[in-house]
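Commentary on secondary and tertiary structure
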Amino acid sequence: MTDSDIPDGFCSGFCLPYQFCYTHRHSFNGFRNFSVFYPKLLILGLSDRQFTLVSFDDCMENEGVVFQSSDPRFSIGADGSIYAQREVTSLTSPVQFTVTASGPHMWETTVKLALMGQPTPSPPGNQEVKAPPEFQAPPTVIMFPRQQEISSKGLRRQKRDWVIPPVNVPENSRGPFPQMLVSIRSDQDRNISIRYSITGVGADQPPNEVFSIDPVAGKMFVTKPLDRERRSSYHLRAHAVNMNGERVESPIDLYIYVIDMNDNRPEFKNQVYNGSVDEGSKPGTFVMHLAAFDHDDNTTANGMVRYRILSQTPHSPIPNMFTINSETGDIVTVAAGLDREKVSQYSIIVQATDMEGNLNFGLSNTATAIISVTDINDNPPELTSRTFSGEVPENRINVAVANLTVIDRDQPRSPNWNAVYRIISGDPIGHFTIITDPHTNDGMVTVVKPVDFEQNRAFMLTVVVNNQAPLASGIQSSLQSTSGVTISVVDVNEPPFFPTNPKSIRFEEGVPAGTSLTTFSASDPDRFMQQSIRYSKLADPAEWLSINTTNGQIVTTATLDRESIYVKNNIYEATFLAVDNGSPMASGTGTLQIYLIDVNDNAPSLLPRESQICERINRNAGINITAADSDTDPNVGPFVFELPTFPASIRRNWTVSRLNGDYARLSLRIQYLEPRVYEVPVIVSDSGNPPLSNRSIIKVKVCPCDENGDCTLVGAVAAAGLGTGAIIAILICIIILLSMVLVFVVWMKRREKERQTKQLLIDPEDDVRDNILKYDEEGGGEEDQDYDLSQLQQPDSLEHIISKPLGVRRVDERPIIPESQYPIRPAVPHPGDIGDFINEGLRAADNDPTAPPYDSLLVFDYEGSGSTAGSVSSLNSSSTGDQDYDYLNDWGPRFKKLADMYGGGEDD
């Protein structure tokens, strides 16, 4: 216990108007070997005279206050120090005396002293209670101090105040309970009966009944063990009332402090902590932090936790690679030599102990710290061989030609392990690149530009490899980071190629067939192979060209026409194929573009071909005409428009005036021209050299016009060549057609009415249409249930019949003749049509030989024995009797034979 663990002073009452307080100190003037029970029981030492201090404060700076002791063996200094006047080794029991403070008023307090090493008085029942060093027993009885004041009249007035210090109670006390803490009484209990009570948390507020008080004696008890971790202090108020419940003393606050005991182990938040440290770290590098929490008072040794490392696994390179700060829990490295490639993880068991790490008295707990050694780039990549080789066919791209392998001891698939390959020499044009496989870290030499055997038969590459991350400080690159790669080029048969592709030539159109245009030859890139090339035509849309198969000479087979639909923008294209005789054969294509120069080989044509004009001459009236020419400049406009001299009526009735180089106006020369359609010839000439002319016909409709100069409807018809008689004939035809339609509609209405009034062939009472007919037939008897339905099915072919086993066979063949046509029932029949429709259908069915059953030979085989039916041969037929079979003649041709056999009567 230190001096700081004890409060400097605790007031025993209110400062109303004065306050008497007492404190104790563990050490004054080198005072040693003393233990103090707070607040009244003091343990005396043997070596020094001053052993404790009584603190007093009258709220007026203690002016004129004198201390006196009731025991002559002890004296009180002016500062409140208690001195032993002689040796106290003869004390056999604790000493109790009164200290009085005299001034304007008088105050008293009680001090109990015990010799150090002497047992304290035992509680009732001879049960020894060992108080902890920090616990100081309260006084057994607390009296109201007497305060005397002399008035100016010589009368004395007494004031009373509660005088009680805070009470310290250790937690987890074993009892017995209830255990008395302090006795409270008022000096008025000599005159009247007083009842004492306490209120507050722990008394009459939850948690209730932790503390209790004897209402008569004023003794206050604790009824159960206290737990400082749940509640460290209690604030109660003590009350004193008379038997009528009237307050005798003012309530006073009573503070009870729970003294901490070391009853809680340090606890780690996690049982396993994870940390990391870079490999190669220097000693003193911070790794991780661990923290344990102790629920005990952290201002005392009970809650002061200290840390230490119990073990380290593995012990490589030394058993103590790490240390921990005993107070903060920070783990740091203490030695060099961390190497992830050797040890990637350490497991450390850390112990936390309270009581400032005292293993004899403190409580401990452990946790595990997992320290991962993180990788740094301290291992440069090393190629597994000084030389590598591969081969590539010429003219191939995106193919891997060589595989470079590398060794790197850093952590796989990390930037410290990922390899980056570079070609530093041997490939100036950039034919190759090296791609890193992310899984194996191998380098794949890949062709990105085609190589030519005829130019380079082999490549000698120099490759260097590095990591994606730079090397750690102080690490040098390995000599094995550079290697040579030899790439051999394999010669293959390359296709012929046309040096100029496409090849353009210029010719005038109209070149006749058989004209040699050019020689379109190809070259073979395989200079080291003796091969020949043959040519053929691949695409010739107009079939104008041919090519010599050996030398590639192009010759025309037809006249070249620039105006052909196969010519686009004056260019005609044809594609040719060149094939060598290598193994395998290879081919190449070339395009020939022929630019056709225009010649004046197309005469212009007049536009428009039809128009109309008013019958009377008008200054602004006329037809704008132009021309179209398939040629191009300079073989087109400006055009020349003129009227022919024959027939003479053309120039007499019409005239042509020039508007510009491409347009002219055709108009009437005379004042009036009879309305009709006129065919006016116009001669159009272009500007070619020599120019070409064309005589074109334009159909002009001359018609009467309205005031706006537009042809009227009647005029347009008249101009089309229809006279008044033709128009009247057309109107009469229309009227006749409408009349015929009207007569047909009336006839249809009348016929429909007759059908509705026609009687049905079937009596209305016997009409069964739209009725539901119910039949209660259930079939034959029990002996008629065992039959084979397959015998009633018609066979698909005679072969099927022949292949069947012996038994009943029916050969029923349909006649091979055209089928009869049955009448078609109207979609919406009328009641009068039903009878006609039925009779017509019946007659068609009677006369239809293709309707089943067919009149053919039926063969019945032996059906076996055991039949319960009698023999059919026992049935006799007789034509005698009154039976009349003449009605069979009315049944149609199907019953004609029966009618002939039985219906003949006596004539038979």
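Below or above, wherever it landed, is the structure these notes cover. Given the structure is predicted, the values throughout are model-derived calculations rather than measurements. (Residues numbered from 1 in each chain as written. Predicted model: local features only at pLDDT ≥ 70, side-chain atom pairs only at ≥ 80, totals over all residues. Heavy atoms only, no water.)

A closer look at a nonpolar patch on the surface
Keep this limit in mind: Only residues whose relative accessible area exceeds 30% and that form no salt bridge are eligible for patches; like-charged ones are grouped when within 9 Å, while nonpolar side chains (Val, Leu, Ile, Met, Phe, Trp, Tyr) are grouped when within 5 Å. With residues, only the protein chains shown are counted as cover, and all accessible areas are computed by Shrake-Rupley using a 1.4 Å probe. The working definition used for a salt bridge is a side-chain nitrogen of Lys or Arg within 4 Å of a carboxyl oxygen of Asp or Glu. Only DSSP runs of H or I with at least four residues qualify as helices, and only runs of E with at least two residues qualify as strands; both kinds are numbered from the N terminus onward.
A grouping of Ile 727, Ile 730, Leu 731, Ile 734 and Leu 738 is seen on the molecular surface, where their side chains present a nonpolar patch of about 460 Å² in accessible area. You can see Ile 730 is positioned in helix H3 (residues 724–757).

Overview of the side chain of Glu 454
Which entries qualify depends on this criterion: Throughout this description, buried means an accessible area under 20% of the type-specific maximum (1.4 Å probe, protein chains only), exposed means over 50%, and partly exposed covers the range between.
Structurally, the position occupied by Glu 454 is in the loop between strand S35 (443–447) and strand S36 (458–467). Overall, the relative accessible area of 7% leaves Glu 454 in the buried class.

Focus: the sheet that holds strand S31 (residues 400–404)
The strands that make up a sheet pair up through hydrogen bonds in the backbone, lying either parallel or antiparallel. Condition: We treat two strands as partners when DSSP finds at least two bridges between them. Between N-to-C directions, angles span 0 to 180 degrees; the directions come from axes that are lines fitted to C-alpha atoms, helices contributing only their stretch in contact.
With respect to topology, three strands assemble into an open sheet ordered S31-S35-S34, the strand pairing being antiparallel. Here the strands that pair on one side only, and so sit at the sheet edges, are S31 and strand S34 (432–436). Within this sheet the neighbouring strands show an average axis-to-axis angle of 25 degrees, counted without direction.

Things to note about the state of the cysteines
In protein structure, a disulfide is the covalent linkage between the sulfur atoms of two cysteines. Rules: Cysteine sulfur atoms are paired as a disulfide whenever they fall within 2.5 Å.
One pass over the full model with this rule turns up two disulfides. A sulfur-sulfur separation of 1.9 Å characterises the disulfide bridge that pairs Cys 614 with Cys 705. Its torsion about the S-S bond being -110 degrees, the disulfide of Cys 614 and Cys 705 is classed as left-handed. With Cys 614 in strand S46 (residues 610–614) and Cys 705 in the loop between strand S52 (693–703) and helix H2 (713–719), this residue pair connects regions lying 91 residues apart in the sequence. Of the residues examined, Cys 614 reaches a relative accessible area of 13% and is grouped as buried. With relative accessibility at 25%, the residue Cys 705 sits in the partly exposed group. Two residues share a disulfide in this structure: Cys 703 and Cys 711, whose sulfurs sit 1.5 Å from each other. According to the relative accessible area criterion, Cys 711 is partly exposed, its value standing at 23%.

Things to note about unusual backbone geometry
In this structure, Pro 178 follows Phe 177 across a cis peptide bond, with omega equal to -5 degrees. Following the sequence through the fold, Pro 178 ends up in the loop between strand S13 (167–170) and strand S14 (179–184). For the bond running from Pro 206 to Pro 207, omega is -5 degrees, close enough to zero to count as cis. Backbone geometry places Asn 172, a non-glycine residue, at a positive phi of 60 degrees. Relative to the helices and strands, Asn 172 resides in the loop between S13 and S14. Phi at Asn 441 takes a positive value of approximately 70 degrees, unusual for a residue other than glycine. Structurally, the position occupied by Asn 441 is in the loop between S34 and S35. Relative accessible area serves as the criterion here: at 2%, Asn 441 is assigned to the buried category.

Some points on the sheet that holds strand S47 (residues 623–628)
Here four strands make up an open sheet; going across it, the order is S45-S47-S50-S49 and the pairing antiparallel. The sheet terminates laterally at strand S45 (605–607) and strand S49 (654–658), the two strands that pair on one side only. Averaged over neighbouring strand pairs, the angle between their axes works out to 35 degrees when direction is ignored. Bridge count between S49 and strand S50 (residues 664–668): five bridges; the pairing is antiparallel. By the bridge assignment, Arg 658 is partnered in S50 with Ala 664.

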